[in-house]
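Geometric and topological summary
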Amino acid sequence: MTIDISSGSGTLDVTRGERAVVIGVDQQSRREGRSADARLDEAVGLAEAIGIDVVGQRTFRLRSPKPATLLGKGQVEEIAGMTKGNEAGLLVVDASLTPVQQKSLEEQVGTKVIDRTGLILEIFGERAATAEGRLQVELAHLDYQAGRLVRSWTHLERQRGGFGFLGGPGETQIEADRRLIRDRMARIRRELEQVKRTRSLHRDRRHRAPWPVIALVGYTNAGKSTLFNRMTGGEVLAENMLFATLDPTMREIRLPGFDKAILSDTVGFVSELPTQLVAAFRATLEEVASADLLIHVRDMAHPDRDAQREDVLGVLAQLGVGAEDEAAQPQIEAWNKVDLLEPEERDALVTEAERREDVVPISALSGFGLDALRERIAEQLHHGSQLHDISLPASDGGKIAWLHARGDVIEQRTHDSEVRLQVRLSPENWARFQSL
Ligand SMILES: Nc1nc2c(ncn2[C@@H]2O[C@H](COP(=O)(O)OP(=O)(O)OP(=O)(O)O)[C@@H](O)[C@H]2O)c(=O)[nH]1
Ligand SMILES: [Mg+2]
């Protein structure tokens with residue numbers, strides 16, 4: 001793998017229209033509850049999301065992973081036959097490859113090879129549209145490369161027969177590369193800090209208004225942007241393409257009983273999201289963390305809908321907005337795409353949803369269920385919120401700002417050095433306020 005630190009483009013040199021073979025790896029222990037076919041389809045979808053021309057696809061079953069190539073010898077030969085026969089210049093392996101495995105496969109198959117993490121980084125690198133998004137992707141990418149350098153370095157040491165050998169030419173080069181990467185990462189982190197400061201100014205301004213914020217979350221391609229457009233009259237890109245949305249978008253929506261509310265469309269989640277990206281997108285998903293309500297949009301017509309739900313909850317937990325968190329915001333599940341279901345299954349879901357408070361069956365495409373969803377959102381936002389009379393020293397600007405951010409400040413009066421506020425707060429926020 002070549003490392004081009006100067007360009008800062010954050011790509012692994014995959015070109016649009018490149019002919020590729022996509023390989024699924026069926027390991028019994030991995031990604032439980034998913035069908036191998038749906039998994040392979042998702043990997044093909046990821047490849048197509050950056051314009052790769054998928055000319056062959058197949059899942060290989062793996063009994064025991066081989067350290068050198070992951071797949072067995074015969075399997076690697078078959079794959080080489082597939083890439084040759086299809087004139088493919090790229091092999092996408094839907095698994096996590098060690099640097100050594102990636103390199104050996106490149107040699108034995110005779111094409112470039114990228115793994116799932118590399119593929120997802122490619123997509124994010126191509127899609128990120130805002131300055132912050134681009135910086136975060138680049139950071140994630142450098143982190144990925146740095147990891148690869150460290151590992152190939154220990155590999156080289158092993159080849160040289162232990163740790164006693166210092167100062168070899170290979171090591172010097174790798175050390176130099178690592179320092180370049182570290183420097184560049186430090187610079188990006190500083191730039192990100194700057195961007196974040198600007199953004200939080202914007203957010204403070206927004207939050208000072210007592211409008212509730214609702215964030216759409218969900219697996220990629222679940223229909224978040226379609227729902228967002230339906231509810232806001234907006235024109236966000238909604239496409240049958242994985243990771244169509246990368247940067248969050250906010251817009252005003254109308255809700256019964258509210259002057260105004262803000263809906264936020266966000267990046268979709270995917271299983272085995274590279275850890276570098278979870279860290280990198282935490283900031284982008286601050287919209288989610290600071291929202292008053294989450295709507296988890298689910299594609300109920302997808303065969304792996306339950307495994308996808310687990311993935312989404314897992315990522316939310318990693319972001320610190322998991323359901324286990326006591327102070328977590330309420331969540332509603334929007335059971336989307338019910339128009340695609342057989343009538344019996346649709347009826348069964350509708351019946352189940354009627355019994356539950358936290359679920360609304362919808363079709364973002366046809367508009368079915370959207371009025372019910374609006375009502376449920378309004379109910380949840382009002383649910384249990386109460387008026388509190390709070391007195392604070394006028395010097396406590398932090399807490400006063402917090403109340404404006406989290407609550408609906410009805411009245412605020414200053415007497416000498418004391419500020420009296422009348423604030424409507426949800427029980428969660430009241431508990432949070434008391435522990436400030
Ligand atoms: N049949 C049907 N298709 C839907 C429905 N909602 C969305 N879709 C389709 O699903 C695909 C994905 O929709 P998006 O709104 O882009 O999904 P997303 O969740 O924003 O996806 P990412 O931004 O990639 O995470 C599009 O082809 C939509 O037309 C629905 O209720 N029924
Ligand atoms: Mg979207």
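Judged by nonpolar contacts, the single largest core of 44 residues is most densely connected at Val22, Ile52, Val288 and Leu316. Going through the elements one at a time, β1 (19–27), α1 (36–48), β3 (90–94), α4 (116–127), α5 (131–160), β5 (213–218), α8 (275–281) and α10 (305–318) are the ones with two or more residues in this core. Not counting residues within four places of it along the chain, the set of residues in contact with Val288 comprises Ala215, Val217, Thr266, Leu294, Leu316, Val321 and Gln329. Leu216, Leu263, Val297 and Ile377 belong to the second-largest nonpolar core, a separate cluster that totals 24 residues.

So, on to the packing of aromatic side chains. One pass over the structure, following the stated rule, counts two aromatic pairs. With a centroid separation of 6.0 Å and an interplanar angle of 40°, the aromatic rings of Trp402 and Phe433 are classed as tilted. With Trp402 in helix α13 (residues 397–406) and Phe433 in helix α14 (residues 427–434), this residue pair connects regions lying 31 residues apart in the sequence. The class of Trp402 is buried, set by a relative accessible area of 19%. By relative accessible area, Phe433 is classed as buried at 9%.

In the structure shown here, the tally under the stated rule is 22 salt bridges. Across the pair Arg116 and Asp94 runs a salt bridge, and its minimum N-O distance is 2.8 Å. Of this pair, Arg116 sits in helix α4 while Asp94 sits in strand β3, and the two are 22 residues apart along the sequence. The two residues Arg116 and Asp94 agree in class, both being buried. Across the salt bridge formed by Glu345 and Arg305, the nearest N and O atoms sit 3.1 Å from each other. Remark: Arg305 occurs in helix α10 and Glu345 occurs in helix α11 (residues 343–355); sequence separation between them is 40 residues. Relative accessible area serves as the criterion here: at 33%, Glu345 is assigned to the partly exposed category.

On the basis of which strands lie adjacent, the open sheet formed by six strands has the order β6-β7-β5-β8-β9-β10 and mixed pairing. Every other strand in the sheet has two partners, leaving β6 (249–253) and β10 (359–361) as the edge strands with one partner each. Geometrically, the sheet is characterised by an average inter-axis angle of 25° between neighbouring strands, direction not taken into account. Relative to strand β7 (residues 261–265), β5 is paired through three bridges, and the arrangement is parallel. By the bridge assignment for β7, Ile214 is matched with Leu263. Lying on the sheet, α10 is in contact with β5, β8 (293–299) and β9 (331–336); it crosses β8 at an angle near 150°.

Before going further, it helps to examine the packing of α13 against α14. Running from amino to carboxyl end, α13 crosses α14 at an angle of 170°, the nearest separation of the two axes being 11 Å. In terms of their interaxial angle, α13 and α14 are classed as roughly antiparallel. Where α13 approaches α14, its residues Lys399, Trp402, Leu403 and Arg406 are matched on the opposing element by Asn429, Arg432 and Phe433.

With that settled, the discussion passes to unusual backbone geometry. Even without being a glycine, Leu70 presents a positive backbone phi close to 65°. As for its position among the elements, Leu70 is in the loop between β2 (53–62) and α2 (73–85). The class for Leu70 is buried, based on a relative accessible area of 6%.

About the cut-offs
- Residues numbered from 1 in each chain as written.
- Chains lettered and ligands numbered in written order.
- Predicted model: local features only at pLDDT ≥ 70, side-chain atom pairs only at ≥ 80, totals over all residues.
- Heavy atoms only, no water.
- Core = buried A, V, L, I, M, F, W, Y, C linked by side-chain atoms within 4.5 Å.
- Buried < 20%, exposed > 50% of the residue type's maximum accessible area, 1.4 Å probe, protein only.
- Helix = DSSP H or I, 4+ residues; strand = E, 2+ residues; numbered from the N terminus.
- Contact = heavy atoms within 4.5 Å.
- Phe/Tyr/Trp six-rings, centres within 6.5 Å; stacked < 30°, edge-to-face > 60°.
- Salt bridge = Lys/Arg side-chain N within 4 Å of Asp/Glu carboxyl O.
- Pairing = 2+ DSSP bridges.
- Axes fitted to C-alpha atoms, helices over the stretch in contact; angles between N-to-C directions.
- Parallel < 35°, antiparallel > 145°, perpendicular 65-115°, else oblique.

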